[in-house]
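Structural overview for review
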Amino acid sequence: MIRAFGYNEFLFLLSAVQWTLLLSVIAFLGGGIVGLFVALARTSDVKPLRWVSTGYIQIFQGTPLLMQLFLVFFGATVIGIDMSPWVAAAVGLTLNTSAFLGEIWRGCIQSVPRGQWEAASSLGLRYPGLMRYVILPQAVKVAVPPTVGYLVQVIKGTSLAAIIGFVELTRAGQIVNNATFQPFLVFGIVAAIYFALCWPLSLLSQRLEARYAAPSR
Amino acid sequence: MALATEPTRNGVAPAMSADVVIRMEGVQKWYDQFQVLKDIDLEVHRGERIVICGPSGSGKSTLIRCINQLERHQKGRISVNGVELGPHHRQLDMVRREVGMVFQSFNLFPHLTVLENCMLAPMKVRGTTKAEAKATAIRYLERVRIPEQADKYPGQLSGGQQQRVAIARSLCMNPKVMLFDEPTSALDPEMVKEVLDTMIGLAEDGMTMLCVTHEMGFAKSVAHRVIFMDRGEIVEQNTPEEFFTAPKSERTRSFLGQILAH
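When its secondary structure is counted, chain B shows 9 helices and 10 strands. With the C-alpha coordinates of chain B rotated into their principal frame, the extents come out at 50 × 45 × 40 Å. By residue count, 57% of the 262 residues in chain B fall in the buried class. On chain B, roughly 11300 Å² of surface is accessible, and the fraction owed to carbon and sulfur atoms is 49%. The centroid of the 32 positive side-chain charges in chain B is displaced by 4 Å from the centroid of its 32 negative side-chain charges.

See the structure below:
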């Protein structure tokens, strides 16, 4: 029985946007928190921390996100944890995001001139205070545009959660298409909704970049 | 190398051997294969003012950066105020609190105002109250004669003003010793004097100072002792009078010939 694509189908797609957004926010916040530690480990003086964090980043940057989601989802089953697609998607995306944000932020931390570290150290500030009051506030300024830009990647990345059965925008599109058999129309609309979510963020990222590129020193 | 002369400038002898603030014994440092410091022995007494000069790459900056361990030495011993620098953070923290440093490139914190630059370390390292830190900061900004710039950001100041703020920022920690690493080298010529005047003022107040600088006029008028370094060694050290008029070593003579030629 084939249904026509109508208002109800469109509303169904729209309502799935909330899951895409929620998953994006979780991945972004979780990835941000873990990513901060990854970035700190990457810029640490302690060699083992640098090795571990470098390996972590390379594994997540060097394998497809889809494989990472599969490994979390099916890996949990293998070790006897019954993980819902929801949790698996959130965990997988958080890990992936943390690796990418960690690497972006590593560059931002390292862009703060060496003299700032030296001045803060010579004033007696130890690592936590030095980071918190001197280095990170300067790194954040550099980090904002690429971080907002990366949020676009996170939103688009959530579409892969459809494949492990989590119903977000893409999965909702598949469901509607299975009922209507109008793939071009349905996925065209799905793509347009993604674009409507991501484009403002891209614009924002560009504007922030222009603003922070203005000389401030 | 033994210390040849006790500082006796202006008939005042600020130093007694019990009053050693910095002691370096057999300090050596390598960058990979290249040895930057070769067996450095140095004693700095309370109230003493030392100028270190030498060609670039002679190890003079590295030497003072070892004192607060911005660079780690690999051999020998360094102690500051009786605290020997070792692998532990405790000693390093104690030393860094007592040793102020002024850099060639100022290194003010660009995201903080001048006042905040001066208040940060006293509040976060010494735990002084905000009001107290502010009062101290204003006092030292007045002393370097820029209290009116307190609420500006470093980027809004000239190089000379920034360097004076950097000096005030160090003084706010109430250091026992001040290290200057080519403090006027990055300045436009017309700003050199204001920074040197500030340093002379500090000297007059009895601050113990180690200055890496090529300002020979400053060395002549302020230093108790001038140290000449070349290829990682202390080649010669003497009072400024002796150093400039009767340099003993050939290397010193050729260096002085080059920098005083014009």
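On we go from here.
Quick look at the nonpolar core now. Among the nonpolar cores identified, the biggest contains 92 residues, and B:Met24, B:Leu63 and B:Leu210 are the most heavily contacted of them. For this core, the element with the most residues is helix H6 (residues 127–157) of chain A, which contributes 12 residues. Other than its neighbours up to four places away in sequence, B:Leu210 contacts B:Ile22, B:Leu42, B:Val44, B:Ile50, B:Ile52, B:Ile64, B:Ile67, B:Met178, B:Leu179 and B:Phe180. Grouped together as the second largest cluster of nonpolar side chains are 48 residues, B:Leu108, B:Ala137, B:Ile167 and B:Phe180 included.

Right, let's talk about the pattern of salt bridges for a bit. Residues and elements named next belong to chain B. Overall, the coordinates contain 20 salt bridges over all chains when judged by the stated rule. Asp230 serves as the salt-bridge partner of Arg231, at 3.9 Å between the closest nitrogen and oxygen. Accessibility expressed as a relative area gives 55% for Arg231, which makes it exposed. On the basis of relative accessible area, Asp230 is assigned to the buried category, the value being 10%. What you see here is one network of salt bridges that share partners, running through Asp230, Arg231, Glu233 and Arg251.

Here we come to the confidence of the model for chain B. All names here are of chain B. Of the residues in chain B, 93% have a pLDDT of 70 or more, and the chain-wide mean is 91. When pLDDT is averaged over each element of chain B, strand E6 (residues 99–102) comes out on top at 98 and helix H9 (residues 250–260) at the bottom at 90. Note that pLDDT drops below 50 for residues 1–16; the model gives that stretch 35 contacts with residues more than four away or on any other chain. Scored as a complex, the prediction yields pTM 0.88 and ipTM 0.89.

Counting across every chain of the model gives 9 aromatic pairs over all chains. Ring centres 5.0 Å apart and planes at 40 degrees place the aromatic pair B:Phe228 and B:Phe255 in the tilted group. Here B:Phe255 lies in helix H9 and B:Phe228 lies in strand E9 (residues 225–230), a separation of 27 residues in the sequence. According to the relative accessible area criterion, B:Phe228 is buried, its value standing at 1%. Accessibility expressed as a relative area gives 6% for B:Phe255, which makes it buried. Centroid distance B:Phe243 to B:Phe244: 5.2 Å. Interplanar angle 90 degrees. Geometry classified as edge-to-face. Taken together, the aromatic side chains of A:Trp19, A:Trp86 and A:Phe166 make up a single cluster linked through ring pairs.

Another aspect to go through is the sheet that holds strand E10 (residues 233–238) of chain B. Residues and elements named next belong to chain B. The 6 strands are arranged E6-E7-E8-E3-E9-E10 in an open sheet whose pairing can be described as mixed. Two strands bound the open sheet, and with one partner strand each, they are E6 and E10. Geometrically, the sheet is characterised by an average inter-axis angle of 20 degrees between neighbouring strands, direction not taken into account. Summarising the sheet, strand E3 (residues 49–53) and E9 pair through 4 bridges and their orientation is parallel. Its bridge partner lying in E9, Ile50 is registered against Arg225. In the packing of helix H5 (residues 159–171) onto the sheet, the strands contacted are E6 and strand E7 (177–181), and the crossing angle to E6 comes to about 170 degrees.

Rules used in this analysis
- Residues numbered from 1 in each chain as written.
- Chains lettered and ligands numbered in written order.
- Predicted model: local features only at pLDDT ≥ 70, side-chain atom pairs only at ≥ 80, totals over all residues.
- Heavy atoms only, no water.
- Helix = DSSP H or I, 4+ residues; strand = E, 2+ residues; numbered from the N terminus.
- Buried < 20%, exposed > 50% of the residue type's maximum accessible area, 1.4 Å probe, protein only.
- Areas by Shrake-Rupley, 256 points an atom, 1.4 Å probe, with all protein chains shown as cover.
- Lys, Arg positive; Asp, Glu negative; His and termini not counted.
- Charge placed at Lys NZ, Arg CZ, Asp CG, Glu CD.
- Core = buried A, V, L, I, M, F, W, Y, C linked by side-chain atoms within 4.5 Å.
- Contact = heavy atoms within 4.5 Å.
- Salt bridge = Lys/Arg side-chain N within 4 Å of Asp/Glu carboxyl O.
- pLDDT = per-residue confidence, 0-100.
- Phe/Tyr/Trp six-rings, centres within 6.5 Å; stacked < 30°, edge-to-face > 60°.
- Pairing = 2+ DSSP bridges.
- Axes fitted to C-alpha atoms, helices over the stretch in contact; angles between N-to-C directions.

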